[in-house]
2 protein chains.
Amino acid sequence: MTPPPEGTPGRRPGGRSARVRAQVLEAVRAELGEHGYEGLTMEAVAARAGVHRATVYRRWQDVGGLLADVLDAAGEDDWGPPDTGSLLGDLTALNEEIQESLVVQPSVPQALMAAAFRSARAAEAQQRLWEDRYARCEAVVERAVARGELPPDTDARELLIAATAPLYHQLVLLRTPVAPRAAVRAATAAALAAGAGAFGRSERGPAGRPPAGGRSVPG
Amino acid sequence: MTPPPEGTPGRRPGGRSARVRAQVLEAVRAELGEHGYEGLTMEAVAARAGVHRATVYRRWQDVGGLLADVLDAAGEDDWGPPDTGSLLGDLTALNEEIQESLVVQPSVPQALMAAAFRSARAAEAQQRLWEDRYARCEAVVERAVARGELPPDTDARELLIAATAPLYHQLVLLRTPVAPRAAVRAATAAALAAGAGAFGRSERGPAGRPPAGGRSVPG
DNA sequence: ATCTTAAAGCAACAGTTGTCGCATTAGTGG
DNA sequence: CCACTAATGCGACAACTGTTGCTTTAAGAT
């Protein structure tokens, strides 16, 4: 979050302010990568950024503010979901990406989730990021529907959550090591349920129609 | 966690120590209920328990230690999963319990999960609690298998995680309001996938019936 | 170039947090 | 009832955290 709204007249988005912001955000990421969330202090960030403590406090208030800014910056990339040609392939690849980002130690995403518990501002930023990511992933479902792999009234969000939630649950909440094939397993289960109409938008459960096309599982 | 192992000779588990512990743990729960996790300070807990600050620091070290003790105490109850007579009913009822405990504000379970991010000791205690709860829930799957609702080689833990993860994901991580029928939806999807053999312990995916339609995925 | 003024630097300060040595209390065993 | 000592109470203290007023720097405009 850039405290001074960038467009306001009288502001100075150029030169130093921008430089300081970049230095500080970079320092935050570096500290997160080295010491994780617990090790993240305003003091260390300021020192690493080569900036005075008071400056960091004034612009970002607290650790939550710093992370909120990092989160917002993270949402500005051009990430898109994998496109492998099949629903199961897409979901599996997506899960593998998720798994990879969560198992590295220390994991920046993990740290950001932790931060969301401590700071309301970080929580809001985190929510925006989730929303953005899941929205982009809806393309996966739309393609599957277009291919005839899924019923047209499939609730994309619900399917995506069902597919990805187990990995987050185990790696973030349960903190359990996951089996190597966990990504495929979760993707398979979700795809299977979706094919059977479990995520139809109509209030009725699994539709009466037979699961359309698509092999349900790889070899 | 009770720092002095209860059985050690020379210790004094009776009278005052036990009383102080009870007062402090009760104070922690009360503070959690009133101010949530962020509002939980050693100072406030000590004051509420009518105990000196130094005592709390000495016995529990930090906030994480306090919550670890609360978590361990929580695992000593006689909770068991619902038994409704069907797999879908059990999973749905379970999800509704979960949902209920997570939506009340402030939610003690949420606070405990938040704590697990901050303190290694709390994280370990949390892990023990999860393990205990999921282990107890395996009864649900065993009953379903006995009824013939599920293939005998169903991996109970995987099924349970698939069924419950979406709710945790939305309520804890995404912090999104969930549809009233979310509990049933997630339970249905998991039960459906499980019935099709998606959680079989053999390495092959869904077993039993051939993939419906048999059409190959374009790609 | 020069002026104006956001924004950063600086240092002193108050509030909070965690630690420590010592005095006091109260279980426990004789 | 008494002696022993683990555990708590107490208060002083250092370290850390965040705030504030003032000074200095440098971006942007004339």
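Scroll up for the structure.
All values reported here derive from a predicted model rather than from experimental measurement. (Residues numbered from 1 in each chain as written. Chains lettered and ligands numbered in written order. Predicted model: local features only at pLDDT ≥ 70, side-chain atom pairs only at ≥ 80, totals over all residues. Heavy atoms only, no water.)

1. Some words on the environment of H169(B)
What counts here: The way it works is that DSSP assigns letters per residue, a run of H or I at least four long becomes a helix, a run of E at least two long becomes a strand, and they are numbered from the N terminus. Exposed residues in this analysis have more than 50% of their type's maximum accessible area, buried residues have under 20%, and partly exposed residues fall in between, with area computed by a 1.4 Å probe over protein chains only. Contacts described as polar in this section are N or O atom pairs within 3.5 Å, which, within protein, must combine one atom able to donate a hydrogen with one able to accept it, while residues neighboring in sequence count only if both atoms come from side chains.
Relative to the assigned elements, H169(B) resides in helix 8 (residues 156–174). Under the relative-accessibility criterion, H169(B) is labelled buried at 1%. For H169(B), the side chain forms a polar contact with the side chain of Y134(A), separated by 2.8 Å.

2. Details of the pattern of salt bridges
We count it as follows: By definition here, a salt bridge exists when the distance from a side-chain nitrogen of Lys or Arg to a carboxyl oxygen of Asp or Glu is within 4 Å.
Applying the stated criterion across every chain, the model contains 32 salt bridges over all chains. The salt bridge involving R133(A) is made with D132(A); its shortest N-O contact spans 3.7 Å. Between R133(B) and D77(B) there is a salt bridge whose closest N-O contact spans 2.6 Å. With a gap of 56 residues between them, R133(B) in helix 7 (residues 120–147) and D77(B) in the loop between helix 4 (63–74) and helix 5 (87–103) connect regions that are remote in the sequence.

3. Re the environment of A189(B)
Rules: In what follows, residue pairs with any heavy atoms lying within 4.5 Å of each other are defined as contacts.
In this structure, A189(B) sits in helix 9 (residues 182–195). Using a relative accessible area of 7% as the deciding quantity, one classes A189(B) as buried. Along the backbone, A189(B) and L88(B) are 101 residues apart, and their C-alpha atoms lie at a distance of 9.5 Å. Dropping the residues within four chain positions of it, A189(B) is found in contact with A193(A), A198(A) and F199(A).

4. So, helix 6 (residues 108–118) of chain A
Residues and elements named next belong to chain A. Within helix 6, eight of the 11 residues are buried, which leaves it mostly tucked inside the rest of the structure. For helix 6, the complete set of buried residues consists of Q110, A111, L112, M113, A114, A115, A116 and F117. The N-cap residue of helix 6 is S107: its side-chain oxygen and the backbone nitrogen of Q110 are 3.2 Å apart.

5. Remarks on the packing of aromatic side chains
Two aromatic rings are characterised by how far apart their centres lie and by the angle between their planes. All names here are of chain A. Heads up, the rule is: Pairing of aromatic rings covers Phe, Tyr and the six-membered ring of Trp, with a centre-to-centre limit of 6.5 Å; geometry is then stacked below 30 degrees between planes, edge-to-face above 60, and tilted otherwise.
In the structure shown here, the tally under the stated rule is five aromatic pairs over all chains. Seen from their ring centres, W130 and Y134 are 6.1 Å apart, and the 25° between their planes marks the pair as stacked. Residue W130 and its partner Y134 are both found in helix 7 (residues 120–147); the two are separated by four residues, about one turn of the helix. Here W130 matches Y134 in class, with each residue buried. Taken together, W130, Y134 and Y168 form an aromatic cluster joined through their ring pairs.

6. Some remarks on the interface of chain B and chain A
Short version of the rule: Accessible-area loss on putting two parts together, using a 1.4 Å probe and summing over both, is the definition of buried area adopted here. Gly falls in the polar group here, along with every residue not listed as nonpolar (Ala, Val, Leu, Ile, Met, Phe, Trp, Tyr, Cys, Pro) or charged (Asp, Glu, Lys, Arg).
Taken together, the contacts link 48 residues of chain B with 49 residues of chain A. Here chain B packs against chain A, burying approximately 4,200 Å² in sum over the two surfaces, 64% of which is carbon and sulfur. Taken together, the links from chain B to chain A amount to two salt bridges. One salt bridge in this structure joins E158(A) and R185(B), with 2.8 Å as the shortest N-O distance. Viewed at the interface, chain A and chain B are joined by eight residue pairs in polar contact (both at pLDDT 80 or more). Elements supplying a minimum of two residues to the side of chain B that touches chain A: helix 6 (108–118), helix 7, helix 8 and helix 9 of chain B. Per-element tally for the side of chain B that touches chain A: the top contributor is helix 8 of chain B, with 12 residues. Its residues assigned to classes, the side of chain B that touches chain A comprises 27 nonpolar, 11 polar and 10 charged.

7. What to know about the relation of the copies chain B and chain A
One copy of the chain maps onto the second through a rotation about an axis and a displacement along it. For clarity, the cut-off: Least squares is the method used to superpose the copies, on C-alpha atoms of residues holding a pLDDT of at least 70 in both.
When chain B is fitted to chain A, the best match, at an RMSD of 0.1 Å, comes from turning it 180° and sliding it 0.0 Å along the axis. Such values leave the two copies arranged in the relation of a two-fold axis. In this assembly the copies share their binding face: 88% of the residues contributing to the interface of chain B also contribute to that of chain A.

8. Here's the deal with the side chain of N95(A)
All names here are of chain A. By the element assignment, N95 lies in helix 5 (residues 87–103). Engagement of the side chain of N95 in a polar contact is seen with the backbone oxygen of A163, the distance being 3.1 Å. Those residues in contact with N95 that sit more than four places away from it in its chain are A163, T164, L167, A183, A186 and A187.

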